[in-house]
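Fold and contact review
Single-letter residue listing:
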Amino acid sequence: MTGTTYIDSAMLVVGDQVISFVPENLDVDKVKAGMIATLQSNQPNLALNGGFDLWSTGTSFTNPLSGTILADSWYIYKGGATPPTVNISRDAGYDHYPYAMKVDCTNAGSGLTDGVTILQYVPGDYCLALRGSSIAVSVRVKTTTANKWRLSIWRSGNNTFTYSPYHTGSGN
């Protein structure tokens with residue numbers, strides 16, 4: 001998973017506009033327009049620090065340990081026998097976002113389970129408030145590394161994951 005990736009927005013909104021993650025059906029301009037419309041509407045983004053604006057613990061991390069808080073409310077998890085070497089920093093965003101999280105992986109690790117996860121725990125009171133609601137989750141990733149980045153949602157109650165397809169590495 002070597003290469004540089006930028007994550008410049010993460011959104012969790014209540015509503016029925018769920019974005020398809022099927023790559024052949026994904027219209028990047030439509031996704032951008034939907035995210036911008038959500039930002040300009042009264043629908044609040046429930047992702048904590050979804051624009052990567054706040055970095056109270058610093059703006060640059062050299063190969064941080066698992067569990068390190070990066071941008072406020074965002075953590076890193078590194079797994080496997082030989083965890084990857086990863087540097088994290090705040091960088092300029094693109095389009096309508098002033099900041100992005102830059103993830104620079106210089107050593108992918110050697111095992112099948114070696115990997116990096118950038119994650120946010122959604123507080124329990126958020127989950128209770130959203131019970132029974134339709135939600136839309138989106139994360140905007142810019143990378144040229146194919147088949148290494150994807151969105152996952154973990155349901156802690158039954159320890160199950162739902163995954164999007166991997167990013168194509170198109171640079172968008």
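Here the structure is a predicted model, which means the values were calculated and not measured.

What to know about the overall build of the protein
A tally of regular secondary structure across the protein gives 2 helices and 9 strands. Its helices and strands in sequence order give the protein the pattern β-α-β-β-β-β-β-α-β-β-β, from N to C terminus. Taken across its 172 residues, the protein has 33% of its residues classed as buried. In the protein, once contacts between residues fewer than 6 apart in sequence are set aside, the share between residues at least 24 apart is 66%. Carbon together with sulfur atoms contributes 52% to the accessible area of the protein, which is approximately 10000 Å² in total.

Some details on the pairing of strand β5 (residues 99-107)
Here strand β4 (residues 85-92) pairs with β5 via 8 bridges, running antiparallel. When the sheet's bridge partners are listed, T85 is paired in β5 with N107. Following β4, the chain reverses through 6 residues before pairing antiparallel with β5; D95 in that reversal takes a positive phi of roughly 60°.

Considerations on the nonpolar core
One finds I88, M101, V103 and I118 to be the most contacted residues of the largest nonpolar core, which totals 17 residues. Elements supplying a minimum of two residues to this core: β4, β5 and β6 (115-119). By residue number, the principal contributor to this core is β5, which donates 3 residues. Ignoring sequence-local partners within four residues, the contact set of V103 consists of G3, T4, T5, I7, V86, N87, I88, I118 and W149.

Observations regarding a nonpolar patch on the surface
Taken together, the side chains of Y121, W154, F161 and Y163 make up a nonpolar region of the molecular surface, amounting to roughly 470 Å² of accessible area. With respect to the helices, strands and loops of the structure, Y121 is situated in the loop between β6 and α2 (124-130). Given a relative accessible area of 52%, Y121 falls into the exposed group.

Re the confidence of the model for the protein
Confidence in the prediction for the protein averages 74 pLDDT; 74% of positions are at 70 or higher. Within the protein, strand β2 (residues 60-62) carries the highest mean pLDDT (96), whereas helix α1 (residues 28-40) carries the lowest (51). Contacts for the low-pLDDT stretch residues 15-28, under 50 throughout, to residues beyond four places or in other chains number 20 contacts.

Overview of the packing of aromatic side chains
This model, assessed by the stated rule, comprises 1 aromatic pair. In this structure, R150 is placed above the aromatic ring of Y163, and the distance from its NZ or CZ to the ring centre is 3.8 Å.

Let's talk about the side chain of D72
Along the chain, D72 turns up in the loop between β2 and β3 (75-79). Look at D72: it is buried, it has no salt bridge, and the nearest opposite charge is R90 at 9.0 Å. Apart from the residues within four sequence positions on either side, D72 is in contact with L48, N49, L54, W55, S56 and T57.

Quick notes on unusual backbone geometry
Notably, F52 is not glycine yet its phi reads approximately 55°, a positive angle. Within the fold, F52 resides in the loop between α1 and β2. Since its relative accessible area comes to 0%, F52 is described here as buried. Positive phi is not limited to glycine here, since S73 has a value of about 75°. Here S73 lies in the loop between β2 and β3.

A short note on the environment of Y126
Along the chain, Y126 falls in helix α2. Here Y126 falls in the partly exposed class, since its relative accessible area comes to 26%. The spacing of Y126 and A47 is 79 residues in sequence and 9.9 Å in space, taken between C-alpha atoms. Sequence-distant contacts of Y126, defined by excluding residues within four places in its chain, comprise L46 and L48.

Rules behind the numbers
- Residues numbered from 1 in each chain as written.
- Predicted model: local features only at pLDDT ≥ 70, side-chain atom pairs only at ≥ 80, totals over all residues.
- Heavy atoms only, no water.
- Helix = DSSP H or I, 4+ residues; strand = E, 2+ residues; numbered from the N terminus.
- Buried < 20%, exposed > 50% of the residue type's maximum accessible area, 1.4 Å probe, protein only.
- Contact = heavy atoms within 4.5 Å.
- Areas by Shrake-Rupley, 256 points an atom, 1.4 Å probe, with all protein chains shown as cover.
- Pairing = 2+ DSSP bridges.
- Core = buried A, V, L, I, M, F, W, Y, C linked by side-chain atoms within 4.5 Å.
- Patch = residues over 30% accessible without salt bridge, like charges linked within 9 Å, V, L, I, M, F, W, Y side chains within 5 Å.
- Salt bridge = Lys/Arg side-chain N within 4 Å of Asp/Glu carboxyl O.
- pLDDT = per-residue confidence, 0-100.
- Phe/Tyr/Trp six-rings, centres within 6.5 Å; stacked < 30°, edge-to-face > 60°.
- Lys NZ or Arg CZ within 6 Å of the ring centre and 35° of its normal.
- Lys, Arg positive; Asp, Glu negative; His and termini not counted.

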